[in-house]
Amino acid sequence: MHSISFSTAIIAGPNHHMSDFSPPSLQFCGLRRATLRFSRASRSETRRGSLSSKLHFKKLSASLSHNGSTAKAFDYDLVIIGAGVGGHGAALHAVEKGLKTAIIEGDVIGGTCVNRGCVPSKALLAVSGRMRELQNEHHLKALGLQVSAAGYDRQGVADHANNLALKIRNNLTNSMKAIGVDILTGVGTILGPQKVKYGKVGASDNVITAKNIIIATGSVPFVPKGIEVDGKTVITSDHALKLEVVPDWVAIVGSGYIGLEFSDVYTALGSEVTFIEALDQLMPGFDPEISKLAQRVLINPRKIDYHTGVFATKITPAKNGKPVTIELIDAKTKEPKDTLEVDAALIATGRAPFTEGLGLENINVATERGFIPVDEHMRVINAEGNLVPHFYCIGDANGKMMLAHAASAQGISVVEQVSGKDHVLNHLSIPAACFTHPEISMVGLTEPQAKEKAEKQGFEISIAKTSFRANTKALAENEGEGLAKLIYRPDNGEILGVHIFGMHAADLIHEASNAIALGTRVQDMKYAVHAHPTLSEVLDELFKSAKHKT
Amino acid sequence: MSSLLQSRAPTLSFSPSPANPLRRPSAAFPFRPRRTTTKIQSKIREIFMPALSSTMTEGKIVSWIKSEGDVLSKGESVVVVESDKADMDVETFYDGILAAIVVAEGESAPVGAPIGLLAESEAEISVAKAKAASSGPSAPSPPPPPPAAAAPPPPPTPVAAAPVPSDGPKKIVTTPFAKKLAKQHKVDINTLVGTGPFGRITPADVEAAAGIKPKNPVPVVAPVSAAEAPKAAAASKAATFAEIPGATTVPFTTMQSAVSKNMLESLSVPTFRVGYPVSTDALDALYVKVKKKGVTMTALLAKAAAMALAQHRVVNSSCKDGKSFTYNGSVNIAVAVAINGGLITPLDLYLLSEKWKELVEKARSKQLQPHEYNSGTFTLSNLGMFGVDRFDAILPPGQGAIMAVGASKPTVVADADGFFSVKSKMLVNVTADHRVIYGADLAAFLQTFSKIIENPDSLTM
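Everything numeric here is computed off the predicted structure, so don't read it as measured data.

J.: I'd like to hear about the overall build of chain B, residue by residue, with values.
T.: In terms of regular secondary structure, chain B is built from twelve helices and 17 strands. For chain B, the proportion of its 461 residues judged to be buried stands at 43%. Looking at chain B alone, contacts between residues at least 24 apart form 63% of all its contacts between residues at least 6 apart. Of the roughly 23,500 Å² of accessible surface on chain B, a fraction of 61% belongs to carbon and sulfur atoms.

Structure representation (structure tokens):
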């Protein structure tokens, strides 16, 4: 009943009719006001007059799932430039918060992750994982299995990856359309504060105004100078994921997680791999103990060799019957070291932000090595060091944490702020994973980083480790090779970092990342029950073995 | 950690001065004989190749469970070693840090040679590494000790590379896997001519030089749709497979080397052979009865042999030192088990067929413990299941006699009155060491054995 009187007031229009209401209805309206969580309304007095003015169409229209018009003359509450994972995450959350949202995309929806990154690479890794298992006669025999020569069809594998990318791209597009996000096609550029233009190349531009703008333009594979990419024999991850060819011998420049994942794919499909790494250690981004074990399992027994401490100064694609040639120089002395002749070279030296031509100069923002400077709230900082109001940057473009789920988490954080709630994303609680076989995952700090922090801030750290060899499920699968490591503070039980190398590591890490996000301490984790027999018991053992000083 | 120590001159701790040995650079006296005394000071222990059986003279490292820099505690498994009979986990007797691996995976070392160095603390790691480096070249011992083992080293011999690599300036390009194989099989890459694209040396080239038949080629195409043109490499690999393999040389595995060695050794023992036909009709009947209980024919024969040996102790003796009889306290029948790629004789059989089955399985998968394969006193070898009617076996070293049993075949016999009948006869042939067992002993033993077989009820007691 009350709801009816409430809604009629709205339909009739603001102000006037509210005074006709009798006090009881007024009191009810007071209740209703509180439950609708109008930010400004909550502070207002319970006066009839002021009540009505607080009834914003904007908030109500959210429940009617219709993008209403804003109070000021902005076309949109939020415009996102870039419909990748970051932009998509932000868009969904924005609509949930009742913001009128538009997203501008100049290429394909889904961006890198869906079309040239996470999605196709995981499809290829799924194939390579199975291939590896089927070829491991020794392993299968121990289980009592026998498989006759397993083989693969390159086109079939490539199709699996491509079809998956297409499917996910469609899902993403539909999910945004369904909730009413305006998808604007064309390259987006900033014209000035709260003003954006977009348009397809060659066509006329459209100008729109937005109360808040998020830049989520992502990144592209970084190709160091001297390297000539021809897309066939000298390739980046973009080309590699199409799997147009499986080379006999491929040199992978860069031994980070992208290079590592590709080595897994190529070696499973029969190629030989040579890593070229500029630093002295392979897999420099991982915890050193984990990378040592990973090297023992993922590199040494496979058809892989490596050169560390060298730069590839010049890579020439194969032509005229000559193979791909790679000239190596010592990273420190810069003296020529060796020349490799291989069938293909994959450049996996990291990713560069895609921020060219965004019109950033129009709001006085300068990029640092291409990255857009932001503060911990993802607010953009201009060339003078001041915050640009209503302007945010998320994902690879700001370089804080170049992972897909970090981008969408940052997007959600920004939308929370735009909706009036302060939010700071704790990047230390964001997990990362490398999908080799076996997988590697981590959250928080590595041991050297933790030690450094401990020294600076004057606390002690402890390490706990468990092996997959003690886990029933791992042994049942005959995959006892693995390690889980916990870095924590014994004085207060704070979890500083968790690293896992082993079967399903990428899934297991979330127990730890959740704990860090929620601030759970090791002594509390001990009481959480884990199903038996599962791989999660590796983490159960890990937390239980942590010694906390009360 | 250890890399930091490595950067400073490792020779430091050799100088006898106790104060901060790591701080004084003294490259002057790297490896003096004084080292033996400082070994006690710096407490670097050697992990040496253990003797896993009395006949083992060298072993191959299957894999290192721990790597350099790992902390070891007493009793922990450090490395897996392949002996002539089985793969064994080797444990460390001391706590410490595995400072250096002297013999790498896939390489061999003689029994007693150091295969790794254990440092008591991190400070000694650099010392250990230096020590390893100095003794490095000699330890892995590619050619010397083992006679037949590791035949490949000299690459020349078979196939490939008849033409010397020729042009000096031409760069030798080798694929990663080819490099690994070359290291494993001790093939010198510089002597090979590459047959891969652009003249690179491929794994197949290395395998050919080492005399190993290539395994099935990597998965490769063969798609359902013929649209795809298979890669040239695939085609060439397929080509090598289509031919019937010609003359190849395959080197001995550790086990095969051991067998060869043992057989050669036996040539120094004066042996003789005595044959005896045994009627097996009664035995066959008994076998049918006990078969369902899991008892095998070999078990029956072994028991019969054991019972006969108990009555003829001299046949259960051996001549261990060339000048005396060694009478064995117990009768341990060893049965020869055929394994893919070799032969392991020593198998303890105590008339429990289940245990025997288990042991056979273990032997087949190379998992016997040394005590399980070392302690035979008399060997039984049965080729009857293959239809062989008669053969003579070579005496295993350290034993007095070995009995070779053939298949029992229906034979026409004439009895005292001249009437013919058909009986199942099995030919048994014993080879014995004439230094301790004389013809009469053997004949008497065989007579007893044959009586037991022909009246087999005693076997089931």
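Structure shown, so let's carry the discussion forward.
J.: Go over the UniProt feature "domain: Peripheral subunit-binding (PSBD)" (unreviewed entry) in chain B with me, naming the residues and quoting the values.
T.: Mapped onto the present numbering, the UniProt feature "domain: Peripheral subunit-binding (PSBD)" (unreviewed entry) falls on residues 173-210 of chain B. Helix makes up 47% of residues 173-210 of chain B and strand 0%. Its end C-alpha atoms lie 18 Å apart.

J.: So what's going on with the interface of chain A and chain B? Residues and values would help.
T.: Facing the 33 residues of chain A at the interface are 25 residues of chain B. A buried area of about 2,100 Å², summed over both sides, lies between chain A and chain B, and 50% of it is on carbon and sulfur atoms. Of all residues in chain A, Trp249, Glu272 and Lys303 of chain A give up the largest surface area on contact with chain B, accounting jointly for 23% of the area buried on that side. Taken together, the connections running from chain A to chain B amount to three salt bridges. Between Asp70 of chain B and Lys292 of chain A there is a salt bridge, and its shortest N-O distance comes to 3.1 Å.

J.: Hey, could you go over the nonpolar core for me, with residue numbers and the actual values?
T.: All names here are of chain A. Grouped together as the largest cluster of nonpolar side chains are 49 residues, with contacts concentrated most on Leu260, Tyr266 and Ile440. Ranked by residues supplied to this core, first place goes to helix α12 (residues 288-299) with six residues. Among residues more than four places away in sequence, those in contact with Ile440 are Leu260, Phe286, Ile290, Ala294, Leu298, Ala432, Ala433, Cys434, Ile500, Phe501 and Ala505.

J.: Give me the lowdown on the pattern of salt bridges, citing residues and values where you can.
T.: Applying the stated criterion across every chain, the model contains 30 salt bridges over all chains. Note that Asp524 of chain A is salt-bridged to Arg521 of chain A, the shortest N-O span being 3.0 Å. A salt bridge links Asp433 of chain B to Arg435 of chain B; its shortest N-O distance comes to 2.8 Å. Of the residues examined, Arg435 of chain B reaches a relative accessible area of 32% and is grouped as partly exposed. Bridged by salt links that share partners, the residues Asp287, Glu289, Glu447, Lys451, Lys465 and Lys485 of chain A form one connected network.

J.: Break down the side chain of Glu439 of chain A for me, with residues and values.
T.: Residues and elements named next belong to chain A. Summarising the element assignment, Glu439 is placed in strand β20 (residues 439-444). Buried charged residue Glu439 carries no salt bridge. Nearest counter-charge: Lys122, at 9.0 Å. Engagement of the side chain of Glu439 in a polar contact is seen with the backbone nitrogen of Ala505, the distance being 3.2 Å. Those residues in contact with Glu439 that sit more than four places away from it in its chain are Cys434, Ile500, Phe501, Gly502, His504, Ala505, Ala506 and Asp507.

J.: How would you summarise the packing of helix α9 (residues 297-311) of chain B against helix α12 (residues 439-454) of chain B if you had to cite specific residues and measurements?
T.: Residue and element names in this part refer to chain B. Running from N to C, α9 and α12 point in directions that differ by 135°, and their axes come no closer than 9 Å. By the angle between their directions, the pair α9 and α12 is classed as oblique. As α9 runs across α12, the sense of the crossing is right-handed. Contact residues: α9 offers Leu301, Ala304, Ala305, Met307, Ala308, Leu309 and Gln311, while α12 offers Phe445, Thr448, Phe449, Ile452 and Ile453. Taken together, the residues that form the contact of α9 with α12 break down as ten nonpolar, two polar and no charged.

J.: Give me the UniProt feature "active site" (unreviewed entry) in chain A: which residues, what numbers.
T.: Residues and elements named next belong to chain A. Under the local residue numbering, the UniProt record ascribes the feature "active site" (unreviewed entry) to His532. When sequence neighbours within four positions are dropped, the list of residues in contact with His532 reads Thr472 and Glu537. A polar atom in the side chain of His532 sits 2.8 Å from the side chain of Glu537.

Rules used throughout
All residue numbers refer to positions counted from 1 along the written sequence of the respective chain. Numbering of ligands from 1 and lettering of chains from A proceed in the order in which they are written. Only residues with pLDDT of at least 70 get local features here, since the model is predicted, and only at 80 or more are side-chain atom pairs given and counted; chain-wide, interface and lining totals rely on the full set of residues. Excluded from the side-chain calculation are hydrogens and water; included are all heavy atoms of the structure. A run of H or I in DSSP counts as a helix once it spans at least four residues, and a run of E counts as a strand once it spans at least two, with each numbered from the N terminus. Exposed residues in this analysis have more than 50% of their type's maximum accessible area, buried residues have under 20%, and partly exposed residues fall in between, with area computed by a 1.4 Å probe over protein chains only. Note on contacts: a residue pair is in contact if any heavy atoms of the two residues lie within 4.5 Å. Each accessible area is a Shrake-Rupley estimate made with a 1.4 Å probe; only the visible protein chains count as cover when residues are assessed. UniProt positions are given in the numbering used here, feature names are shortened, and annotations may be inferred rather than shown by experiment. Accessible area that two parts lose when put together, with a 1.4 Å probe and added across both, is what the buried area reports. One speaks of a salt bridge when a side-chain nitrogen belonging to Lys or Arg is within 4 Å of a carboxyl oxygen belonging to Asp or Glu. What is meant by a nonpolar core is a set of buried Ala, Val, Leu, Ile, Met, Phe, Trp, Tyr and Cys residues, joined one to another through side-chain atoms within 4.5 Å. Only four residue types enter the charge count: Lys and Arg as positive, Asp and Glu as negative, with His and the chain ends excluded. Polar contacts here mean pairs of N or O atoms no more than 3.5 Å apart (in protein, one a potential hydrogen donor and the other a potential acceptor; neighbouring residues in sequence count only if both atoms are side-chain atoms). Whenever a helix is involved, its axis is fitted only over the stretch in contact; in every case the axis is a line through C-alpha atoms, and angles between N-to-C directions fall within 0 to 180 degrees. Angle categories are assigned with fixed cut-offs, so that under 35 degrees is roughly parallel, over 145 is roughly antiparallel, 65 to 115 is roughly perpendicular, and the rest are oblique. Left-handed describes a crossing in which the near helix is turned anticlockwise from the far one by less than a right angle; the clockwise case is right-handed. In this classification, the charged set is Asp, Glu, Lys and Arg, the nonpolar set is Ala, Val, Leu, Ile, Met, Phe, Trp, Tyr, Cys and Pro, and all remaining amino acids, among them Gly, are polar.

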